[in-house]
Amino acid sequence: METKYDIIIIGSGAGGGTIAYKLAITGKKILILERGDFIPKEKENWDAVEVFSKGRYRTTEVWYDKDDKPFNPFTHYAVGGNTKMYGAALFRLRESDFKEIKHFGGVSPEWPITYNELEPYYTQAEKLYSVHGKRGIDPTEPKTSSEYFFPPLKHEESMQELYDNITALGYKPFPLPIGVRLGDNGKEGSSPVVLSNFDGFPDPTEAKADAQVVALKQAMKLPNVTLLTNCHVDKLLTDRSGMRVASVQVTYSGEKLQFDATTFILSAGAVNSAAILLRSANHQHPKGLANSSDQVGRNYMLHQNGCVISISKKKNTAQFQKSFSIADFYNNAPDSKYPVGAIQLMGKNDPDTLMGLAKDHFPDKSFEELSTHSIDWWITAEDLPDPENRVTLKTDGSIKTIYNVNNREAYDRIKGKVHNILDQLGELDPLMKTTARVGYDLGIKGVSHQMGTLKFGRDPKTSVLDVNCKTHDLDNLYAVDASFFVSSGAFNPSLTIMANALRVGDYLIKKLR
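Residues numbered from 1 in each chain as written. Predicted model: local features only at pLDDT ≥ 70, side-chain atom pairs only at ≥ 80, totals over all residues. Heavy atoms only, no water.

### Comments concerning unusual backbone geometry
Here is step 1: Even without being glycine, Ser130 reaches a positive phi, approximately 50°.
Here is step 2: Its location among the elements puts Ser130 in the loop between α3 (115-128) and β7 (131-132).
Here is step 3: Relative accessible area serves as the criterion here: at 11%, Ser130 is assigned to the buried category.
Here is step 4: For Asn299, which is not a glycine, the phi torsion comes out positive at approximately 60°.
Here is step 5: Along the chain, Asn299 turns up in the loop between α6 (270-279) and β15 (304-311).
Here is step 6: On the accessibility criterion, Asn299 (5% relative accessible area) is buried. (Helix = DSSP H or I, 4+ residues; strand = E, 2+ residues; numbered from the N terminus. Buried < 20%, exposed > 50% of the residue type's maximum accessible area, 1.4 Å probe, protein only.)

What follows is the structure, given as structure tokens:
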């Protein structure tokens, strides 16, 4: 097996897969290390019980909370990373998210780059990941250099009626930007794509624009790119100077192997990228690699996320209800000078979740009856960076996440906004007089929006990465997953990860010439 490469990328998700795509054209020898495997195309891909209740594709790894209680994180180790299971909601952060903002729970700090610096890469990422959307509706929408390259998905009948009613109430819902590859829709003999089980499911049709089907598949067409699956990264080893990473030590098929490279790129997810650096401590870096600032693992953010399910007499016939978003309260609200959060429609909850939440209200109703009379809303408020919220390691090397919720008032308020909208809808349509509202708040297990553990900045004393996402302490080590985030905003982080990976890729292309 070849052991010497020009570039080694650790992780194949939104960041790793995208930067592999960007760098593949350089002709450099690239090795992508992925601890998971390809998710097989099988009938269970769309089986809600298998996917959600049994966790067929989730890791069985055990992490620990601040009280050393074990839990299984809701995450997936696979080629394409968590994008294999994501809902492909690909939002830009707003211009305000890059500035210092006051919140109910504290202050969200300024980023070391501006929105304008990332904007062209947002545009590139939207094109690469086939984002369907429409500009000019959302009042918080940032400046853009291009229209969406693909039109918004058409609302199904039930969702179009809901969209129109919410608009009639004075709100400004906008088509949710979705990364989906619809093909020619009948041209040249192709079949149309009909979306159903999508949000939280792997997609055997490869219509979902995930990192594997969009970025890795293209990169791996070139002979200079190699992907090694089922390969666990144990640690990074430095050269004698301690200023550069010389090699990566992995466990592969029960063997310990080493791979050497000139440049290393971390993209294992915010939690695991921090854990790898902490596990890589040596006599020159006793606190872990790139940790002279003592910031590795700190400022761990998850978002304040949750779901509200409204169940009424109104029938919802939509198969794909993940249709639009409401950002009217993103920066403020009539009753608040501080940011509140964002509202989205989400995919239908699985049978076990819905039946478990609604059983006290509807003990005699079937899942089909409940599901066809419910609407599922996803709510997000900003999670503020806190150095005491952190990823660390237990003595046996297992991951421990120390996390305390903050900015909860904003989350409670955005949940209240959903209930208020539902009350108003009930005044418009008697069938929408909600007979039950149930839901859940995501806790520490919900790590799909993990961010911030290797924040970037200009001061090596207060940050881990520089503005190009190179570690301050090591000359050839970069990170391009959501670990670089300084703050979390209140929109899904995926598109920002992808855009930043393209930005760092451009920098590396110039540097490696």
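### Looking at the nonpolar core
Here is step 1: Membership of the largest hydrophobic core comes to 113 residues, with the highest contact counts inside it found for Ile8, Leu33, Tyr129, Leu236 and Val248.
Here is step 2: Top contributing element to this core by residue count: helix α10 (residues 494-511), with 9 residues.
Here is step 3: When residues no more than four places from it in sequence are discounted, the contact partners of Leu33 are Ile8, Ile9, Ile10, Gly11, Leu228, Cys231, Val233, Val248, Val250 and Phe259.
Here is step 4: Judged by nonpolar contacts, the second largest core, of 26 residues, contains Tyr163, Ala318, Trp377 and Met432. (Core = buried A, V, L, I, M, F, W, Y, C linked by side-chain atoms within 4.5 Å. Contact = heavy atoms within 4.5 Å.)

### As for the packing of helix α1 (residues 14-24) against α10
Here is step 1: Direction vectors running N to C along α1 and α10 enclose 35°, while the axes themselves pass 8 Å from each other. Helix-helix and strand crossings are classified by hand; for α1 and α10 the assignment is right-handed. Residues Ala14, Gly15, Thr18, Ile19, Lys22 and Leu23 of α1 touch α10, and the partners they reach there are Ser494, Ile497, Met498, Ala501, Leu502, Val504, Gly505, Asp506, Leu508 and Ile509.
Here is step 2: Of the residues contributing to the contact of α1 with α10, the split by class is 10 nonpolar, 4 polar and 2 charged. (Axes fitted to C-alpha atoms, helices over the stretch in contact; angles between N-to-C directions. Left-handed = near helix turned anticlockwise from the far one by under 90°. Nonpolar A, V, L, I, M, F, W, Y, C, P; charged D, E, K, R; others polar.)

### Some remarks on empty space enclosed by the protein
Here is step 1: All told, the structure shown has 3 cavities of 30 Å³ or more when counted by the stated rule.
Here is step 2: The computed volume of the largest cavity comes to approximately 110 Å³.
Here is step 3: The residue inventory of the lining of the largest cavity, partitioned by class, reads 6 nonpolar, 1 polar and 6 charged.
Here is step 4: Taken as a whole, the second largest cavity encloses approximately 60 Å³ of empty space.
Here is step 5: Together, 13 residues line the second largest cavity, and His103, Tyr330, Pro339, Glu382 and Ala490 are the ones closest to its centre.
Here is step 6: Of the residues assigned to the lining of the second largest cavity, the class counts are 6 nonpolar, 5 polar and 2 charged. (1 Å grid on protein atoms, 1.4 Å probe; cavity = no way out; pocket = protein on both sides within 12 Å on 5 of 7 lines; lining within 4 Å. Points joined across faces, edges and corners; volume = space filled by probe spheres on them.)

### Description of the sheet that holds strand β2 (residues 30-33)
Here is step 1: Strand order in the open sheet made by the 5 strands is β10-β2-β1-β14-β22, with parallel pairing throughout. Taken across any chain shown, the strands that pair with only one partner, and hence form the sheet edges, are β10 (225-228) and β22 (477-479). Here the average twist between neighbouring strands, direction ignored, is 20°.
Here is step 2: Contacting β1 (7-10), β2, β10 and β14 (263-266), α1 crosses the sheet at an angle of about 160° to β1. (Pairing = 2+ DSSP bridges.)

### Brief notes about the sheet that holds strand β18 (residues 374-381)
Here is step 1: Taken in spatial order, the 6 strands line up as β8-β16-β17-β18-β15-β21 in an open sheet, and their pairing is antiparallel. Each end of this open sheet is capped by a strand with a single partner; those strands are β8 (174-175) and β21 (436-441).
Here is step 2: In this sheet, strand β16 (residues 324-326) lies alongside β8 in antiparallel orientation, the contact comprising 2 bridges. In the strand pairing of β16, Phe174 is matched with Ser325.
Here is step 3: Set on the sheet, helix α9 (residues 408-428) makes contact with β15, β16, β17 (342-345), β18 and β21; between it and β15 the angle comes to about 20°.

### Description of the pattern of salt bridges
Here is step 1: A complete count under the given rule lists 32 salt bridges for this structure.
Here is step 2: One salt bridge connects Lys4 with Asp260, and the closest N-O pair in it is separated by 2.9 Å. Taken together, the residues Lys4 in the segment before β1 and Asp260 in strand β13 (residues 255-260) connect sequence positions 256 residues apart.
Here is step 3: Close ionic contact of Lys314 with Glu161 constitutes a salt bridge, the shortest N to O distance being 2.7 Å. On the criterion of sequence distance, the pair formed by Lys314 in the loop between β15 and β16 and Glu161 in helix α4 (residues 157-168) is long-range, its members being 153 residues apart.
Here is step 4: On the accessibility criterion, Lys314 (18% relative accessible area) is buried.
Here is step 5: Judged by its relative accessible area of 32%, Glu161 is partly exposed. (Salt bridge = Lys/Arg side-chain N within 4 Å of Asp/Glu carboxyl O.)

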